[in-house]
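What follows is each chain in one-letter form.
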Amino acid sequence: QVQLVESGGGLVQPGGSLRLSCAVSGSILSFQPMGWYRQAPGKSREWVARITGATSTVYAESVKGRFTISRDNAKNTVYLQMNSLKPGDAAVYYCHAPRFSLGREEYWGQGTQVIVSS
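Each value, and the rule that gives it
- Residues numbered from 1 in each chain as written.
- Predicted model: local features only at pLDDT ≥ 70, side-chain atom pairs only at ≥ 80, totals over all residues.
- Heavy atoms only, no water.
- Helix = DSSP H or I, 4+ residues; strand = E, 2+ residues; numbered from the N terminus.
- Buried < 20%, exposed > 50% of the residue type's maximum accessible area, 1.4 Å probe, protein only.
- Core = buried A, V, L, I, M, F, W, Y, C linked by side-chain atoms within 4.5 Å.
- Pairing = 2+ DSSP bridges.
- Lys, Arg positive; Asp, Glu negative; His and termini not counted.
- Salt bridge = Lys/Arg side-chain N within 4 Å of Asp/Glu carboxyl O.
- Polar contact = N/O pair within 3.5 Å; in protein donor to acceptor, adjacent residues only side chain to side chain.
- Contact = heavy atoms within 4.5 Å.
- Axes fitted to C-alpha atoms, helices over the stretch in contact; angles between N-to-C directions.

Q: I'm lost on unusual backbone geometry in this one. Help?
A: Leave glycine aside and you will find that most residues have negative phi; peptide bonds, for their part, are mostly trans. Positive phi is not limited to glycine here, since N76 has a value of about 55 degrees. Looking at the secondary structure, you find N76 in the loop between β7 (67-72) and β8 (77-82). For N76, a relative accessible area of 15% puts it in the buried group. With a phi close to 50 degrees, S84 is a non-glycine residue in the positive phi region. Here S84 is to be found in the loop between β8 and β9 (91-97).

Laid out in structure tokens, this is it:
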């Protein structure tokens, strides 16, 4: 069974950095599209970034230039490097595998919380 497990969240001061990891199990990560979403309290879940292939990446305007999505297929892991964090980036971050990427279904991780506060 496919599972996505996020880690790396925590408390960081504004301007700081965090790197989130999404470990994939139950499937082989190669060059399938994978993404990150986030959901702040009282808000809808929003798309953050997507990687397709080895290095083709797309970002939401709100994080462009500050966040970097990447993958390490040898480790079956997708990353989200977050720099210059702002209070508005605080949310639960979810790893996402769209339908037909790791299987017929789409998959979500359980989420990892990011708190940006001084």
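What follows continues from the structure just given.
Q: Could you clarify how one ought to interpret the nonpolar core in this entry?
A: Considering soluble globular proteins, one finds that nonpolar side chains tend to be buried as a cluster. Counting 31 residues, the largest nonpolar core has L4, M34, W36, L80, M82, Y93 and L102 as its most contacted members. Secondary-structure elements contributing two or more residues to this core are β3 (18-25), β4 (34-39), β5 (46-52), β7, β8, β9 and β11 (112-116).

Q: I would appreciate a short explanation of the pairing of β3 in the present structure.
A: Moving residue by residue along a regular strand, the side chains alternate between the two faces of the sheet. For strand β1 (residues 3-7) and β3, the ladder comprises five bridges, and the chain directions are antiparallel. The partner of Q3 across the bridge, within β3, is S25. Across six bridges, the pairing between β3 and β8 is antiparallel. Note on β8: the bridge partner recorded for A23 is T77.

Q: For this particular structure, what's the right way to read the side chain of R71?
A: Within the secondary structure layout, R71 lies in strand β7. Salt bridges are absent for the buried R71, whose nearest opposite-charge side chain, D72, sits at 8.7 Å. Polar side-chain contacts of R71 include one of 3.1 Å to the backbone oxygen of S30. In terms of polar contacts, R71 uses its side chain to reach the side chain of N73, at 3.3 Å. Look past the residues within four positions of R71 in its chain and what remains in contact with it is L29, S30, F31, Q32, M34, I51, T52, G53, A54, T77 and V78.

Q: Sorry if this is basic, but what is going on with the sheet that holds β3 here?
A: Through backbone hydrogen bonds, the strands of a sheet pair up, either in parallel or in antiparallel fashion. The antiparallel open sheet is built from four strands, whose spatial order is β1-β3-β8-β7. Since the sheet does not close on itself, it has two edges, and those belong to β1 and β7, each with one partner. Across the sheet, the axes of successive neighbouring strands diverge by a mean angle of 15 degrees, strand direction being ignored.

Q: Explanation requested: the environment of G65 in the structure shown.
A: In this structure, G65 sits in the loop between β6 (56-59) and β7. According to the relative accessible area criterion, G65 is exposed, its value standing at 79%. Counting along the chain gives 19 residues from G65 to E46, while the straight-line C-alpha distance between them is 18 Å.

Q: In this structure, what is going on with the side chain of T77? I would like to understand it.
A: Along the chain, T77 falls in strand β8. On the basis of relative accessible area, T77 is assigned to the buried category, the value being 8%. From its side chain, T77 meets the backbone oxygen of K75 in a polar contact 2.8 Å long. Apart from the residues lying within four places of it in its own chain, the contact partners of T77 are S21, C22, A23, L29, R71 and D72.

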